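# Examining the three-dimensional arrangement
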Amino acid sequence: MIRPTKPEDAAALIAVANTIGFQPNELDDLGKMLADYLGGNTDSDPFWITDDDDEDGPVGVAYCEPERMTDQTWNLQLIAIRPDRQGQGRGGKLLRYVEETLKARGGRMLLVETLESFERTRTFYAKCGYEEEARIRDFYTAGADKIVFRKVLNAD
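Every chain's residues receive numbers from 1 upward, in the order its sequence appears when written. It should be noted that, the model being predicted, local features are given only for residues of pLDDT at least 70 and side-chain atom pairs only at 80 or more, the latter also being counted only at that level, while totals for whole chains, interfaces and linings use all residues. Working from all heavy atoms in the structure, the side-chain values ignore hydrogens and water.

## Quick word on the nonpolar core
Across soluble globular proteins, nonpolar side chains have a tendency to be buried as a group. Definition in use: Here the nonpolar core consists of buried residues drawn from Ala, Val, Leu, Ile, Met, Phe, Trp, Tyr and Cys, with membership extended through side-chain atoms lying within 4.5 Å. Here the term buried applies to any residue with accessible area under 20% of the maximum for its type, exposed to any over 50%, and partly exposed to those in between, with areas from a 1.4 Å probe on protein chains only. For the purposes of this entry, the term helix denotes a DSSP run of H or I that reaches at least four residues, the term strand denotes a run of E that reaches at least two, and both are numbered from the N terminus.
By size, the foremost hydrophobic cluster in this structure holds 20 residues, and its most contacted members are Leu76, Val98 and Leu110. Those elements that provide at least two residues to this core are strand E2 (47–53), strand E3 (57–66), strand E4 (73–81), helix H3 (90–104), strand E5 (109–115) and strand E7 (144–152). Core analysis: the next-biggest nonpolar cluster, separate from the first, contains twelve residues, Ala10, Leu13, Trp48 and Tyr63 among them.

Right, here's the structure in full:
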């Protein structure tokens, strides 16, 4: 079941991020972002979505926020499925839910970014209808390029 994130999901969602390789400082940042969102302490209009398995609780998460100073452009900051649940179509369903949520809010475009070395992730976005829009060489570290994908949601 895909649904909005609730306060009691926080620990499980941080655990999902941990299983996919988030570093300790990234997990700390994620915890602060979740706490701010769930506490209503944000000046933008982000949203968190949880993929909840009735048996195991939260197994996936997506976090999206508006790009400042744009006309309904959004950035998918995080999408993750617990490794033992990957390959079941859950990521695609979660991403479609995010897209539908944004369309209902008047979202015009969704951007996602990943590392050039994450071939499986890049393939996933391409299969979901995203096009590579930009590459920033050496963004993360020397030799670690940032790839930005784009999908138009509502063409007005």
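Resuming the write-up.
## What about the environment of Ala11?
Assignment of secondary structure puts Ala11 in helix H1 (residues 10–19). Distance in space between the C-alpha atoms of Ala11 and Glu116 is 29 Å, their sequence separation being 105 residues.

## A look at the packing of aromatic side chains
Where we set the bar: Between the rings of Phe, Tyr and Trp (Trp by its six-membered ring), a pair exists once the centres lie within 6.5 Å; its type follows the angle of the planes, with under 30 degrees stacked, over 60 edge-to-face, and the other angles tilted. Comment: the charge-over-ring label is applied if NZ (Lys) or CZ (Arg) is within 6 Å of the ring centre and within 35 degrees of the ring normal.
Counting across every chain of the model gives six aromatic pairs. Consider the rings of Tyr37 and Trp48, whose centres lie 6.5 Å apart with planes at 45°: the pair is tilted. With Tyr37 in helix H2 (residues 24–38) and Trp48 in strand E2, this pair connects stretches of sequence that are eleven residues apart. According to the relative accessible area criterion, Tyr37 is partly exposed, its value standing at 24%. Residues Phe124 and Tyr125 carry aromatic rings whose centres are separated by 5.4 Å and whose planes lie at 55° to one another, so their mutual orientation is tilted. Note on Tyr125: relative accessible area 5%, which makes it buried. Following the ring pairs from residue to residue traces out a cluster consisting of Phe124, Tyr125, Tyr130 and Phe149. Between the NZ or CZ atom of Lys146 and the centre of the ring of Phe139, over which it lies, the distance is 4.2 Å.

## Notes on unusual backbone geometry
Phi at Met69 is positive, roughly 60°, even though this residue is not glycine. Along the polypeptide, Met69 turns up in the loop between E3 and E4. A positive phi angle, near 60°, is found at Gln72, a position not held by glycine. One can find Gln72 in the loop between E3 and E4.

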